[in-house]
Amino acid sequence: MVKEKISSPGWYAVSLILPTHFPLHSPMATSIQNTFFHPSPTIAIHSNSNSKNKKWIPPVEPNKFELKPTLKVTSWKESCKEGNVKEAFHSFSDVFAAQDFTHSDPGEVYAPIIELCASEKALSQGQQIHAHVITSGAVYESVFVSTKLVFMYGKCGSLCDAEKLFDYMPQRSIFSWNAMIGAYVFNEKPLEALELYYDLRRSSGVSLDAYTFPSVLQACGMLKKAREGAEVHAYIIKSGFGSYGFVVNAPLVFMYGKCGSLRDAEKLFDYMPQRTIFSWNAMIGAYVSNEKPLEALELYYDLRRSSGVSLDAYTFSSVLQACGMLQKAREGAEVHAYIIKSGFGSHGFVVNALVSMYAKCNDIAGARRLFIRMKEREDNMLWTTIISGYSSTGKCLEALMLFKQMCMAGVDVSSYALVQVLQACKLPSFLRSGTEIHAFTLKSGYITDIYVANALVIMYARCCRIMQAKKVFDRMLVKDSISWNSMLTGLVQNSCFREALECCHKMHKAGVKPDPVTLISILAASGRLEKLVIGMEAHAIAIKNGSDHELRVANTLIDMYSNCHHVNYMDRVFRNMPDRDLISWSTVIAGYAQNGRCIRALEVFKEVQGQGMPIDGTMIGSILLACSDMKWINHAKEIHGYILRNSLSDHDIVMSNILVDVYGECGNIDYASRVFDRIADKDVVSWTSMISAYVDNGLANEALTLYSLMQENGVELDSVAVVSLLTAVASLSALRKGKETHGFLLRKGFVLEGSIASSLVDMYARCGRVEDSFNVFNYFEDKNVVLWTSMINAAGMHGRGDWAVELFSQMENENVYPDHVTFLVLLYACSHSGLIDQGQSFFDIMRLKYRLEPWPEHYACVVDLLGRGNRLNEAYEFVRSTPMGPNAVAWCSFLRACHVHGNKELGEVAAKELLNMDLENPGNYVLISNVFAAIGRWDQVDRVRNRMRGKGLKKNPACSWIEVRNKLHTFMASDKSHPQSEEIYLKLAEIVEVLEKQGGYVPQTKYVFHNVEEEEKAKMLHRHSERLAIAYGLLETSNGKPIRVTKNLRVCGDCHGFIKLVSKFFDREIVVRDASRFHHFLQGTCSCGDFW
């Protein structure tokens, strides 16, 4: 064992612990030194035999100190005390040159200058002193000097040098161990600090002292390892260091506070026999770190009232933070006044805390005034704080300007400043600034800083540049949990849900454990992709680590189960939540509404009202969605009244847009239009909502008119508006307008995928251009189920059932799984093409192979399929055997088949079944009435029509339209409102004359379901709307050009034969789209093969 004099033992442990509460030259640190440590106690040194012959030379050459006239040692030490590194260095050189220190105490010679380098973070000078120590020859074996050097390297941030020196020390004292543990903590390496502490515990010959524990406890707090912290606490008591309360109590309070064990911190604080200012500061800080700012303020006022304890500058840091968290500007200003009165206003970190407090209290002007008053603005933390203040209050441009001024002023830019200014680049409009800051980090070398790299990932993700974010992330040499969470959150925010789940898998392989933030991202991605199994796995992890009851996690679980359509699981999570906020209630109401549980959504909404909770726009939006789904117009009006009474829509354009949507969905187009007209500053969503309302209510002309007005107002279409516009175009079969819209999409660079792609396919098909539908469809390589379904539907509506079957086969070969709608359009295609056996086969495939439970509409399609093939008895048995029982849709399909094939007996059965149901669709009554009229049952016809009138139902009048020279011309039956009406009727008379003479046309009056004379019936047939449209087309279009007509109802049998003859004797291709399908008439034949 070697004995050596050691002065100021434990200094590193004291100076490094809790930097925000225990400054290097704080009263506590000074009192500890003066009271307990004497210049020359005899201390046992542990011999490190493995390192005895090793030496390590620092990475600099020895400085050639200039020779100066002899100065006294006292003047050199005075320079060190004054904190002037340059002057102290010169004095040290002079003293060393003038005097022989061979037999002097090495600690007395080197300690002052090493401590000065540590306090001023003068690494270069410290390395030169280290070199001088080595070249002096006589002092290298000094444990005390080596410990001081470890301390210096730790304070200067050169942890690698500190580790090398510590590893190569031939002998280590407890102070050496304390210095190295403190270096790890100071450089934010708490895990390494704990590992070294356990190494110290295992080593023999070195006894721990009270000053070992402050740094160890801080490491536990930084890692939030309450268990390890409590174990250290137990060891302190067991080893008898509990009596050193003034050393360990404050760090213990700090540790428990940081670990979230606030109750333990409070107990420890309450049972302290004596409390120092450091204990008070630690407890106030514990309240703040556990988001208990009110308790922190109350404790501060208790401290002010207590006698015998003087506040220090570090008290105010946490107190001002508490004021900022509470946004209590008045209390903050009062604390500010007390700071000035107490003389602490000149402390840099106090000013920083004041600036931050004013910014958080939304008094950015006050923060700015305080910043400007500072004459010395070389402190980078002051600049960072004001930049952070502007950034956090949404004044991003000002934050960026301040950062520019900071650089121009020559202030050193820290990693923290870069993080704050990158947070200001939170919108795509700031992408250029963010990219410039990225370039700055590359030049300055800060790109390797993990905090800066994380901030860059977040910045690029917020600016919708997820690929750049991924590049930064992939190039990070070291990734912490924040890095992974930033990337995960960015992917979810940019709708890259599959990539988010892949990133989660990589995170798991990297050994990073998921925390609540990770789970929120996984649950959000799982919900959007409807990946229930992955979502449930994340739920299990949350239960295992105890975060399932954390508010944000629980809210995201509700959302995930809602998106995966598991309402019972969603409800269970909601009911098991110990605490619920407004988001919880809004999310669960939205979940019920989106999953068709509208009555339950309304019940929960009433529950919210009963509890007197505030109701926000999101919750009301969800309830309105439920009203629109159920067509609850009265409930919608009531909620609208609530909105008006509480002025929720006055300045909320989102609420007004939702109301337009709801009234449109409920069929009240007048109310929708009124709400729309009252919106002062309409955005693209407002226009889109109104266009969609018109389209949904069959007012496609009004939708296109509104679109023209939208263009005049300079509002650009978005993808949703484009889909609504294409739907309107398809509804009108306005081919020219459809092509214009397609061209607009290409010019503006819209991504032709998803709903836009399927809408284009549908538009061309409904405009009679199925070939163009195929061209659009074949343009896409990656086709989803919606696109395949749209193309199958296009083939079916044009009577190409064989194409539809082939498309379905290709779809299966490409491993795209069909859904309910796919089978619905496929059955429809088979029905309209007479593919009876194949249609029945697809119905079985749907149930047996794909395990899809048929909807009522699927059963109706099969009935229609059998009925069109005149297999009426089989169809009748099928209707009666449906699992959910016969419904109106199935009976209506069956009745239509009976009417077509003249089966009066079964037709009457179907009609009676329909009349026994509470029908709301006027089309059903019209069909029943026509069946009775066809068999001469006029009494029943009158009864059905009276029943319609009693219910307030009206038959939709027949209407046909044709597009000529980019203008739509609409015709009703017997219409004479057209400007060229006289010419049209003359042309129609000419057509009839030609067909009667050359084609043998005879009107089939059986298709007129009115109790009038035969002659009148013939006249009524001649005035059908589609004939007027065709006559106008022959008048106004050149010979050989196809005529395209659209009708809102089915074409009658007489008109069908009439148009076949027109196509033959007037040599025109005529394309008619009715309510059922497309008919391509050419040379006297129809594509439907008279099967429609």
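None of these values were measured; they are calculated from a predicted model.

Trainee: Explain the overall build of the protein to me, please; I cannot follow it from the model alone.
Mentor: Assigned secondary structure in the protein consists of 58 helices and 9 strands. A compact globule built from 1092 residues would reach a C-alpha radius of gyration of about 31 Å, whereas the protein, at 42 Å, exceeds it by more than 25%. For the protein, the residues scored as buried account for 52% of the 1092 residues in total. Sequence-distant contacts, at least 24 apart, represent 64% of the contacts inside the protein between residues at least 6 apart. For the protein, the exposed surface amounts to about 51300 Å²; the carbon and sulfur share of it is 50%. Positive and negative side-chain charges in the protein, numbering 115 and 116 respectively, have mean positions lying 1 Å apart.

Trainee: Looking at this model, I keep getting lost on a negative patch on the surface. Mind explaining?
Mentor: Together, Asp 629, Asp 661, Glu 665 and Asp 696 make up a negatively charged patch on the protein surface. Relative to the helices and strands, Asp 696 resides in helix H39 (residues 684-696).

Trainee: Hey, could you run me through unusual backbone geometry in this one?
Mentor: A negative phi angle is the norm for most residues apart from glycine, just as the trans form is the norm for most peptide bonds. Unusually for a residue other than glycine, Asn 362 sits at a positive phi of about 65 degrees. Note on placement: Asn 362 falls in the loop between helix H19 (348-360) and helix H20 (364-373).

Trainee: Could you clarify how one ought to interpret the side chain of Ser 176 in this entry?
Mentor: Residue placement: Ser 176 occurs in helix H9 (residues 174-186). Apart from the residues lying within four places of it in its own chain, the contact partners of Ser 176 are Val 143, Thr 147, Phe 166 and Met 169.

Trainee: What's the story with the side chain of Asp 548 in this structure? I'm lost.
Mentor: With respect to the secondary-structure elements, Asp 548 resides in the loop between helix H30 (532-544) and helix H31 (551-563). Once residues lying within four places of it in the same chain are set aside, the contact partners of Asp 548 are Ala 542, Ile 543, Val 553, Ala 554 and Leu 557.

Trainee: Please clarify how the packing of helix H49 (residues 856-868) against helix H51 (residues 888-901) should be interpreted in this entry.
Mentor: Between H49 and H51, whose axes approach to 8 Å, the crossing angle comes to 10 degrees. In terms of orientation, H49 and H51 fall into the roughly parallel class. In this structure, H49 contributes Ala 860, Val 863, Asp 864, Gly 867 and Arg 868 to the contact, and H51 contributes Val 889, Ala 890, Ser 893, Phe 894, Ala 897 and His 901. Considered class by class, the residues forming the contact of H49 with H51 number 6 nonpolar, 3 polar and 2 charged.

Trainee: Even after reading the chapter, I still don't get the packing of helix H25 (residues 450-462) against helix H26 (residues 466-474), so can you show me in this structure?
Mentor: For any two helices packed against each other, one specifies the crossing angle of their axes together with the interaxial distance. Packing of H25 against H26 leaves a shortest axis separation of 7 Å and a crossing angle of 165 degrees. Our classification of the angle between H25 and H26 gives roughly antiparallel. When you trace H25 past H26, the crossing you get is left-handed. Mapping the contact onto sequence places Ala 453, Leu 456, Val 457, Tyr 460 and Ala 461 in H25 and Ile 466, Gln 468, Ala 469, Val 472 and Phe 473 in H26. The class makeup of the residues in the contact of H25 with H26 is 9 nonpolar, 1 polar and no charged.

Trainee: I'm lost on the pattern of salt bridges in this one. Help?
Mentor: One side chain can pair with another of opposite charge once the charged atoms of both are near each other. Per the stated rule, a full pass over the model turns up 31 salt bridges. A salt bridge links Arg 305 to Asp 302; the nearest nitrogen and oxygen atoms lie 2.5 Å apart. Here Asp 302 and Arg 305 lie together in helix H16 (residues 293-305), a separation of 3 residues that amounts to about one turn. Note on Asp 302: relative accessible area 33%, which makes it partly exposed. As a salt-bridge pair, Asp 559 and Arg 528 come within 3.0 Å of each other at their nearest N and O atoms. Of this pair, Asp 559 sits in helix H31 while Arg 528 sits in helix H29 (residues 516-529), placing them 31 residues apart in sequence. Under the relative-accessibility criterion, Asp 559 is labelled partly exposed at 22%. You can call Arg 528 partly exposed: its relative accessible area is 44%.

Trainee: Just checking my understanding: could you explain the packing of aromatic side chains for this structure?
Mentor: Each aromatic ring pair is specified by the distance between its two centres and by the angle formed by the two planes. Inspection of the entire model under this criterion finds 33 aromatic pairs. Seen from their ring centres, Phe 808 and Phe 842 are 5.3 Å apart, and the 75 degrees between their planes marks the pair as edge-to-face. One end of the pair, Phe 808, is in helix H46 (residues 801-813); the other, Phe 842, is in helix H48 (residues 836-848), with 34 residues separating them in the sequence. The class of Phe 842 is buried, set by a relative accessible area of 9%. Each ring, one from Tyr 876 and one from Phe 894, has its centre 5.7 Å from the other, and the planes form 35 degrees; the classification is tilted. With Tyr 876 in helix H50 (residues 872-880) and Phe 894 in helix H51, the pair connects residues that are 18 residues apart, well separated along the chain. Here a set of aromatic residues connected by ring pairs shows up, and it is made of Tyr 300, Tyr 301, Phe 316, Tyr 338 and Phe 344.

Trainee: Would you mind showing me how to read helix H11 (residues 213-223) here?
Mentor: Three or four residues apart is the spacing at which side chains of an α-helix point the same way, because the helix has 3.6 residues per turn. A large share of H11 lies buried, amounting to 9 of its 11 residues. All of the buried residues along H11 are Phe 213, Pro 214, Ser 215, Val 216, Leu 217, Gln 218, Ala 219, Cys 220 and Gly 221. Once H11 finishes, Lys 224 follows within two positions and takes phi at roughly 55 degrees, a positive value.

Trainee: Even after reading the chapter, I still don't get the confidence of the model for the protein, so can you show me in this structure?
Mentor: The predicted structure's coordinates, where accompanied by low pLDDT, should not be read in detail. In the predicted model, the protein carries a mean pLDDT of 86, and 90% of its residues have values of at least 70. For the stretch residues 1-57, pLDDT sits under 50, and the model shows 135 contacts to residues farther than four places along the chain or on other chains. Contacts from residues 60-73, a stretch scored under 50 in pLDDT, to residues over four places away or in other chains number 26 contacts.

Trainee: Quick question: what am I supposed to make of the sheet that holds strand S8 (residues 1078-1082) here?
Mentor: The strands making up a sheet associate through backbone hydrogen bonding, with each pair oriented either parallel or antiparallel. Taken in spatial order, the 6 strands line up as S5-S4-S6-S7-S8-S9 in an open sheet, and their pairing is mixed. The open sheet terminates on both sides in strands that have one partner only, identified here as strand S5 (967-972) and strand S9 (1085-1086). In this structure, strand S4 (residues 959-964) lies alongside S5, joined through 6 bridges in antiparallel fashion. Directly across from Glu 963, in S5, lies its bridge partner Leu 968. Along the sheet face, helix H58 (residues 1053-1065) touches strand S7 (1070-1073), S8 and S9 and points at about 40 degrees away from the line of S8.

Trainee: Would you mind showing me how to read helix H17 (residues 315-326) here?
Mentor: For H17, spanning 12 residues, the distance from its first C-alpha to its last is 17 Å, which sits close to the expected 16 Å at 1.5 Å a residue. Every buried residue belonging to H17 is among Thr 315, Phe 316, Ser 318, Val 319, Leu 320, Ala 322, Cys 323 and Gly 324, and all of these are buried. Those residues of H17 hidden inside the fold are in contact with helix H15 (277-289), H16, helix H18 (329-342) and H19. Positive backbone phi, at 55 degrees, marks Gln 327, one or two positions downstream of H17.

Trainee: Whenever I open this one, the pairing of strand S6 (residues 1043-1047) confuses me. Can you help?
Mentor: For a regular strand, side-chain orientation follows a simple rule: the groups alternate between the two sheet faces. Burial within S6 is extensive, with 4 of its 5 residues counted as buried. Sheet analysis places S4 next to S6, joined by 3 bridges and oriented antiparallel. Bridging from a neighbouring strand, Ser 960 pairs with Lys 1047 of S6. Where S6 and S7 come together, 4 bridges link them in parallel fashion. Looking at S7, one finds that Val 1045 is bridged to Val 1072.

Trainee: Help me out: how do you make sense of the state of the cysteines in this one?
Mentor: As used in these notes, a disulfide is a covalent bond between sulfur atoms, one from each of two cysteines. Considering all chains together, one arrives at 0 disulfides under this definition. Free cysteine: Cys 1052, not disulfide-bonded; nearest cysteine sulfur from Cys 1055 at 3.5 Å. Taking relative accessible area as the criterion, Cys 1052 reaches 14% and is therefore assigned buried. Here Cys 1086 stays free of any disulfide, with the sulfur of Cys 1088 as its closest cysteine sulfur at 3.4 Å.

Trainee: Would you explain the nonpolar core in this entry?
Mentor: For soluble globular proteins, nonpolar side chains are generally found buried alongside one another. Counting residues in each nonpolar core, the largest one holds 320 residues, and the members touching the most others are Met 180, Phe 213, Met 283, Ile 589, Phe 894 and Ile 928. With residues near it in sequence (within four places) discarded, Met 180 still touches Val 150, Leu 159, Ala 162, Glu 163, Phe 166 and Leu 196. Counting 34 residues, the second largest nonpolar core, distinct from the first, contains Phe 971, Leu 1028, Ile 1043 and Leu 1061.

Trainee: What is the right way to look at the environment of Val 588 in this model?
Mentor: Within the secondary structure layout, Val 588 lies in helix H33 (residues 582-594). Along the sequence, Val 588 and Phe 574 sit 14 residues apart, while their C-alpha atoms lie 7.3 Å from each other. For Val 588, the contacting residues outside a window of four places in its chain are Ile 558, Met 570, Phe 574 and Val 604.

Trainee: What's the story with the environment of Phe 1066 in this structure? I'm lost.
Mentor: Position of Phe 1066 among the secondary structure elements: in the loop between H58 and S7. Distance from Phe 1066 to Ala 439, taken between C-alpha atoms, is 73 Å for residues 627 residues apart in sequence. Residues within four places of Phe 1066 in sequence aside, it is in contact with Glu 990, Ile 991, Val 994, Leu 995 and Leu 1034.

The rules behind these values
- Residues numbered from 1 in each chain as written.
- Predicted model: local features only at pLDDT ≥ 70, side-chain atom pairs only at ≥ 80, totals over all residues.
- Heavy atoms only, no water.
- Helix = DSSP H or I, 4+ residues; strand = E, 2+ residues; numbered from the N terminus.
- Rg over C-alpha atoms; globule rule 2.2 N^0.38 Å.
- Buried < 20%, exposed > 50% of the residue type's maximum accessible area, 1.4 Å probe, protein only.
- Contact = heavy atoms within 4.5 Å.
- Areas by Shrake-Rupley, 256 points an atom, 1.4 Å probe, with all protein chains shown as cover.
- Lys, Arg positive; Asp, Glu negative; His and termini not counted.
- Charge placed at Lys NZ, Arg CZ, Asp CG, Glu CD.
- Patch = residues over 30% accessible without salt bridge, like charges linked within 9 Å, V, L, I, M, F, W, Y side chains within 5 Å.
- Salt bridge = Lys/Arg side-chain N within 4 Å of Asp/Glu carboxyl O.
- Axes fitted to C-alpha atoms, helices over the stretch in contact; angles between N-to-C directions.
- Parallel < 35°, antiparallel > 145°, perpendicular 65-115°, else oblique.
- Nonpolar A, V, L, I, M, F, W, Y, C, P; charged D, E, K, R; others polar.
- Left-handed = near helix turned anticlockwise from the far one by under 90°.
- Phe/Tyr/Trp six-rings, centres within 6.5 Å; stacked < 30°, edge-to-face > 60°.
- pLDDT = per-residue confidence, 0-100.
- Pairing = 2+ DSSP bridges.
- Expected span 1.5 Å × (residues − 1).
- Disulfide = S-S within 2.5 Å.
- Core = buried A, V, L, I, M, F, W, Y, C linked by side-chain atoms within 4.5 Å.

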